[in-house]
Amino acid sequence: MSNPDVITLNVGGMKFSTMTSTLLRLPESRLARMLDGSDPDIRIVNGQYFVDRDGALFSYILDYLRTSQLTLPSDFSDYERLQREAEFYQMPSLAEQLGQESYYRPRMEILEVRFLLQENHAFFRIFCSCNSTIEALADRIVIYIEQPVGVQGWSFPHGAQKPLAPVPLQRPSHHDLLFQCGTDYSAGDQLGARYVSIKPDQRKLLNGTNVLGLLLDILLREGFSLVSTRAVSAEEKVECYTFQRKKRPEVLTITENPKPEKSITIQTKPVKSNKKR
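Note that the structure is predicted; figures quoted are calculated from it, not measured.

### Quick word on the packing of helix α3 (residues 55-67) against helix α4 (residues 79-88)
Piece 1. Running from N to C, α3 and α4 cross one another at 65°; their axes reach a closest spacing of 10 Å. When you trace α3 past α4, the crossing you get is right-handed. Here α3 contributes Leu57, Tyr60 and Ile61 to the contact with α4, which in turn contributes Arg81, Leu82, Glu85 and Ala86.

### Regarding the pattern of salt bridges
Piece 1. With the rule as written, the count across this model stands at 13 salt bridges.
Piece 2. As a salt-bridge pair, Asp39 and Arg30 come within 2.7 Å of each other at their nearest N and O atoms. Judged on exposure class, the residue Asp39 and its partner Arg30 are both buried.
Piece 3. Counted as one network, the salt bridges with shared partners bring together Arg30, Asp39 and Asp41.

### Quick word on the nonpolar core
Piece 1. Residues Leu9, Leu23, Leu31, Met34, Phe58, Ile61 and Tyr89 are the most contacted members of the largest nonpolar core, which totals 33 residues.
Piece 2. When contributions to this core are tallied by element, the ones reaching two or more residues are β1 (6-11), α2 (30-33), β4 (48-51), α3, α4 and α5 (92-98).
Piece 3. Not counting chain neighbours up to four residues away, the residues in contact with Met34 comprise Ile7, Leu9, Leu23, Asp39, Ile42 and Tyr49.

### A closer look at the packing of aromatic side chains
Piece 1. For the structure on display, the rule yields 6 aromatic pairs.
Piece 2. The interplanar angle of 45° and the centroid separation of 5.0 Å between the aromatic rings of Phe115 and Phe124 together place this pair among those described as tilted.
Piece 3. For Phe115, a relative accessible area of 4% puts it in the buried group.
Piece 4. Taking the ring centre of Tyr144 as reference, the NZ or CZ of Lys204 above it sits at 4.9 Å.

The rules behind these values
Residues numbered from 1 in each chain as written. Predicted model: local features only at pLDDT ≥ 70, side-chain atom pairs only at ≥ 80, totals over all residues. Heavy atoms only, no water. Axes fitted to C-alpha atoms, helices over the stretch in contact; angles between N-to-C directions. Helix = DSSP H or I, 4+ residues; strand = E, 2+ residues; numbered from the N terminus. Left-handed = near helix turned anticlockwise from the far one by under 90°. Contact = heavy atoms within 4.5 Å. Salt bridge = Lys/Arg side-chain N within 4 Å of Asp/Glu carboxyl O. Buried < 20%, exposed > 50% of the residue type's maximum accessible area, 1.4 Å probe, protein only. Core = buried A, V, L, I, M, F, W, Y, C linked by side-chain atoms within 4.5 Å. Phe/Tyr/Trp six-rings, centres within 6.5 Å; stacked < 30°, edge-to-face > 60°. Lys NZ or Arg CZ within 6 Å of the ring centre and 35° of its normal.

Structure (structure tokens):
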């Protein structure tokens, strides 16, 4: 026994099953009107609604109806064709947003790492055009400093590692962050140390070159491509590494005001009987 709440569409040879309530989310669209048989271009063939359009692109149309959002793969490029499909199905908000050149024009996220090594001490400054990336990095980078000997009654044998305490990163703006690692004499005559840990790596690294290597490796694994290296200041030996990656696709949301669902009668063709009277 068929379930009138679940229907099957054949779009260009690709079959999709969905709830009628999903297609009724936008009552003025062709997909909603086809259910009562008022659209002559969409017909029932072998018990399925047949639509002579691109099936692969329809998967994005259906996902848009199901979730109220349209999320496209990072390598998606058929924006104009998808816009035409949205126009065919009479979904104006989606078609309008896809028609904006600023939406599908390639956009790159630029990230720059500046690195300065002075003897056993290293300084890092990271800039990024996308502040959400800087926020994500700030959550992953943790700086630890050694507690001075004798704090809270602790005493340690020579050469033993002192207890470490996390310290916050420096955030000059929403688009950059600062941190440092290595050893120095900033704590008076006592040799102090700053360690860097970058999640998910659990190590606490002291050597600035090792930290740089880990940071660059993480950026490459996160989808960034290294596009240039240069010396910012020959006198201070500041190295600059510039990365870029394609920004993640934007999420389109339905802005039409859905109307109350109307009652529908699903059109079906009667099955012919082979019995003779």
